[in-house]
Amino acid sequence: TSPPKKFSGKRPVIVSIHGGPEAQATMDFQGRWNYFVQELGIAEPHALTREQAHAHDTIAAALRGRRHDAFLLHGVTGSGKTEVYLRLVADALALGRTALVLVPEIMLTHQMVSRLRARFADRVAVLHSGLSAGERIAQWNQLRSGAVPIAVGARSALFAPLRDVGVIVIDEEH
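Residues numbered from 1 in each chain as written. Predicted model: local features only at pLDDT ≥ 70, side-chain atom pairs only at ≥ 80, totals over all residues. Heavy atoms only, no water.

**As for the confidence of the model for the chain**
Right, on to step 1. Across the chain, the average pLDDT comes to 77, with 74% of residues at 70 or higher.
Right, on to step 2. Highest mean pLDDT in the chain belongs to strand E4 (residues 98-102) (95); lowest belongs to helix H1 (residues 35-40) (41).
Right, on to step 3. Per-residue pLDDT stays below 50 along residues 7-13; that stretch engages in 24 contacts with residues further than four places along the chain or on separate chains.
Right, on to step 4. Below a pLDDT of 50 lies the segment residues 16-42, which in the model reaches 95 contacts outside its immediate sequence neighbourhood of four places, other chains included. (pLDDT = per-residue confidence, 0-100. Helix = DSSP H or I, 4+ residues; strand = E, 2+ residues; numbered from the N terminus. Contact = heavy atoms within 4.5 Å.)

Spelled out as structure tokens, the structure:
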């Protein structure tokens, strides 16, 4: 199995998630999770395989070291990429940082929000053009005030007013 690909850069840790039939599965499960998720999360994390743990640990080291690296996780649908980046979001929050999760289109936002809220409860704000002006302003203000540390959405979420972004996840980047 190969480690996640690393790219140099000058931004927060960026995790690009790519799946699909042509992608090779590079992940399994190992049994450990982040203390932050244990204390504050709702959904219990799945155990990680050795490959998933290696990918997580490699990316988490960049996060802890405040390095501005980019990584690409490859894996077929159901290979466990989501669990890896949920843990990375938890790691960022445990370090007092924020997280941005981008989905390719508004239709996929609900599924991602459900996963994030299952793990992080009300610490998730949604930003996309399908929200009413009032909903967008309310979500924006929660992020800007620091009351909510996770922003999720399609392209417009890129402009979320997050401070000290620790991880940016780009789901289904292709």
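**Let's talk about the pattern of salt bridges**
Right, on to step 1. Scanning the model with the defined rule gives five salt bridges in all.
Right, on to step 2. Across the pair Asp164 and Arg66 runs a salt bridge whose closest N-O atoms are separated by 2.8 Å. Here Arg66 lies in the loop between helix H2 (50-64) and strand E3 (69-74) and Asp164 lies in the loop between strand E6 (150-153) and strand E7 (165-170), a separation of 98 residues in the sequence.
Right, on to step 3. Overall, Arg66 belongs to the partly exposed group, its relative accessible area being 45%. (Salt bridge = Lys/Arg side-chain N within 4 Å of Asp/Glu carboxyl O. Buried < 20%, exposed > 50% of the residue type's maximum accessible area, 1.4 Å probe, protein only.)

**Topic: helix H3 (residues 81-94)**
Right, on to step 1. Its 14 residues place the ends of H3 20 Å apart at the C-alpha level, agreeing with the 20 Å of an ideal helix rising 1.5 Å per residue.
Right, on to step 2. Burial runs high along H3: 13 of the 14 residues are buried.
Right, on to step 3. Phi for Gly96, located one or two positions after H3, is positive at around 80°. (Expected span 1.5 Å × (residues − 1).)

**Focus: the pairing of E6**
Right, on to step 1. Side chains of E6 alternate between two faces, with Ile150 and Val152 and Ala151 and Gly153 buried alike.
Right, on to step 2. Pairing of E4 with E6 involves four bridges; the strand directions are parallel. Each residue of the ladder has a partner; that of Val101, found in E6, is Val152.
Right, on to step 3. Taken together, the four bridges between strand E5 (residues 124-127) and E6 define a ladder with parallel strand orientation. Its bridge partner lying in E6, Leu127 is registered against Gly153.
Right, on to step 4. Note on the crossover from E5 through helix H5 (residues 133-145) to E6: the handedness is right-handed. (Pairing = 2+ DSSP bridges. Right-handed = clockwise from strand over helix to strand, strands pointing away.)

**Some points on the environment of Val152**
Right, on to step 1. With respect to the helices and strands, the residue Val152 is situated in strand E6.
Right, on to step 2. Along the chain, Val152 and Ala125 lie 27 residues apart, while their C-alpha atoms are 6.3 Å from each other.
Right, on to step 3. Look past the residues within four positions of Val152 in its chain and what remains in contact with it is Val101, Met112, Val113, Leu116, Val124, Ala125, Val126, Leu127 and Ala157.

**Here we look at the layout of surface pockets**
Right, on to step 1. Here the largest pocket is characterised by a volume of approximately 310 Å³.
Right, on to step 2. Thr82, Gln111, Arg115, Asp171 and Glu172 are the residues nearest the centre of the largest pocket, which is lined by 15 residues in total.
Right, on to step 3. Among the secondary structure elements, those contributing two or more residues to the lining of the largest pocket are H3 and helix H4 (109-120).
Right, on to step 4. When its residues are assigned to classes, the lining of the largest pocket shows four nonpolar, six polar and five charged. (1 Å grid on protein atoms, 1.4 Å probe; cavity = no way out; pocket = protein on both sides within 12 Å on 5 of 7 lines; lining within 4 Å. Points joined across faces, edges and corners; volume = space filled by probe spheres on them. Nonpolar A, V, L, I, M, F, W, Y, C, P; charged D, E, K, R; others polar.)

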